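Each chain, letter by letter, is given below.
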Amino acid sequence: MTKATDEGTVIAVQANYYWVRLRNVTTQPLLCTRRTRLKKVGQKVMVGDQVRVELPPSLLLQGQGNATEVPMVAEGDLGAIAKVYPRRTVLERPPVANAEQICLVFALTDPPLEEWQLSRFLVQAEATGLEISLCLNKQDLVEETDVKFWGDRLGDWGYAPITISVQNRWGMEKLQEKLKHRISLMAGPSGVGKSSLINLLVPGVEQQVKKVSGKLRKGRHTTRHVELFDLPAGGLLADTPGFNQPDLAVEPAQLIHLFPEARRQLAGRECFFKDCLHRGEPDCAVGQNWERYDHYLAFLEEVLAQQNTEQPKEADTGLKTKTGSDGQEYDEPKLETKKYRRHSRRQEHQELHSFYEQTDLDNLQEDWDWE
């Protein structure tokens, strides 16, 4: 018997259960498990995945009534994810599939806007290959000259920031237009107003909000998992766990391409040396006359040091190779470690004999010492 199915998007993952926003059957998310065959082939299910779901009977029975009624998910309803469709993009940190853009949120003040921290976030966002939208919050707390200063400065970096005020609801229309009909990730340091912004963009979400730490003037973590929220105008938005220092997980040779101002200088030009790292080498196409050059050098030293400390380790397959009587090699499972294996009787006799010999020598030494 063919089971009724629908397609949808995974909006949250909790242990071995998945909340799926279905397209046609119900406006409410459906709690689902994963079919055993997907687990056997190692198919992981991520937030943002497009999936096919086998529907529970209760939803089908409701659908046989009034055609204008939208079936409601009842307590105990459980679907099953039968297929995961190919992903367009995949991120490991945060674990999200099919994201199309990153919305980086920073505050113009409270906490103060730190150029090194902002540059680090931008570089890591560039490494994902997704489109970047830079959003500067708390416009109401600074002078217009400060807004212009950062707008011009970031323009030189290669970005066109959207300035907003969550408190006064300034700039919301422009930001909503950028997020419409897309899967977007919201990231940035804690305390800049991400959760408050999501509460404004997605009414009824009621994200937990905590004030900025007064001692360090840095934000406290408020979000601990990834979840997609429906935007009223269409699209999905994920709030990622707040963090202040994202890792620079990039190759040294790739780092320069994560700075838009450096990419412009490299367009149609080549350095004299093929392995140029743009640290003042002769005839370098990038040069040193750009504001974030010091940022690039510091980040480069970091990724080079990280590369030197990483030593590839051969994975243990749990098998060992042996040669049979016919000369052919074959693999067989390794035995448990020695501490779980019983010693042979011969080895036990040898150890016991050595113990008595050593005991006699120790007693003889004691007699010599006494005399």
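The preceding data block contains the structure.
Everything numeric in this text was worked out from a predicted model, so none of it was measured.

Peer 1: Is there a simple way to explain the pairing of strand β1 (residues 5–14) in this structure?
Peer 2: Each regular strand carries side chains that alternate between the two faces of the sheet. In terms of strand pairing, β1 meets strand β4 (residues 50–54) through five bridges, oriented antiparallel. The residue bridging G8 from the neighbouring strand is V51, located in β4. Alignment of β1 against strand β2 (residues 17–22), held across six bridges, turns out to be antiparallel. Each bridged residue has a counterpart across the sheet, and for T9 the counterpart in β2 is R21. Counting the residues in the hairpin turn of β1 and β2 gives two residues, including A15, whose phi is positive at 55°.

Peer 1: Looking at this structure, I do not really get the side chain of N137. What am I missing?
Peer 2: Of note, N137 is situated in strand β9 (residues 131–137). Apart from residues no more than four positions distant in its own chain, N137 is found in contact with V105, F106, A107, L108, I164, S165, V166, V192 and G193.

Peer 1: How should I be thinking about the packing of aromatic side chains in this particular structure?
Peer 2: Each aromatic ring pair is specified by the distance between its two centres and by the angle formed by the two planes. Considering all chains together, one arrives at ten aromatic pairs under this definition. Residues F259 and F299 carry aromatic rings whose centres are separated by 6.5 Å and whose planes lie at 25° to one another, so their mutual orientation is stacked. Taken together, the residues F259 in the loop between α7 (252–255) and α8 (260–266) and F299 in helix α9 (residues 293–309) connect sequence positions 40 residues apart. Owing to a relative accessible area of 0%, F259 belongs among the buried residues under this scheme. Seen from their ring centres, W290 and Y296 are 6.3 Å apart, and the 40° between their planes marks the pair as tilted. Of the two residues, W290 and Y296, both sit in the buried class. Counting every residue linked through ring pairs, the aromatic cluster contains W116, F259, W290, Y293, Y296 and F299.

Peer 1: Any chance you could explain the packing of helix α3 (residues 115–127) against α9 here in plain terms?
Peer 2: The description of two packed helices rests on the angle between their axes and on the distance between the axes. Relative to each other, α3 and α9 sit at 65°, their axes nearing to 11 Å. The handedness of the crossing between α3 and α9 is right-handed. Contacts from E115, W116, S119, R120 and V123 of α3 reach α9 at D294, H295, A298, F299 and E302. Along the lines of polarity and charge, the residues of the contact of α3 with α9 split into four nonpolar, two polar and four charged.

Rules and cut-offs
- Residues numbered from 1 in each chain as written.
- Predicted model: local features only at pLDDT ≥ 70, side-chain atom pairs only at ≥ 80, totals over all residues.
- Heavy atoms only, no water.
- Pairing = 2+ DSSP bridges.
- Helix = DSSP H or I, 4+ residues; strand = E, 2+ residues; numbered from the N terminus.
- Contact = heavy atoms within 4.5 Å.
- Phe/Tyr/Trp six-rings, centres within 6.5 Å; stacked < 30°, edge-to-face > 60°.
- Buried < 20%, exposed > 50% of the residue type's maximum accessible area, 1.4 Å probe, protein only.
- Axes fitted to C-alpha atoms, helices over the stretch in contact; angles between N-to-C directions.
- Left-handed = near helix turned anticlockwise from the far one by under 90°.
- Nonpolar A, V, L, I, M, F, W, Y, C, P; charged D, E, K, R; others polar.

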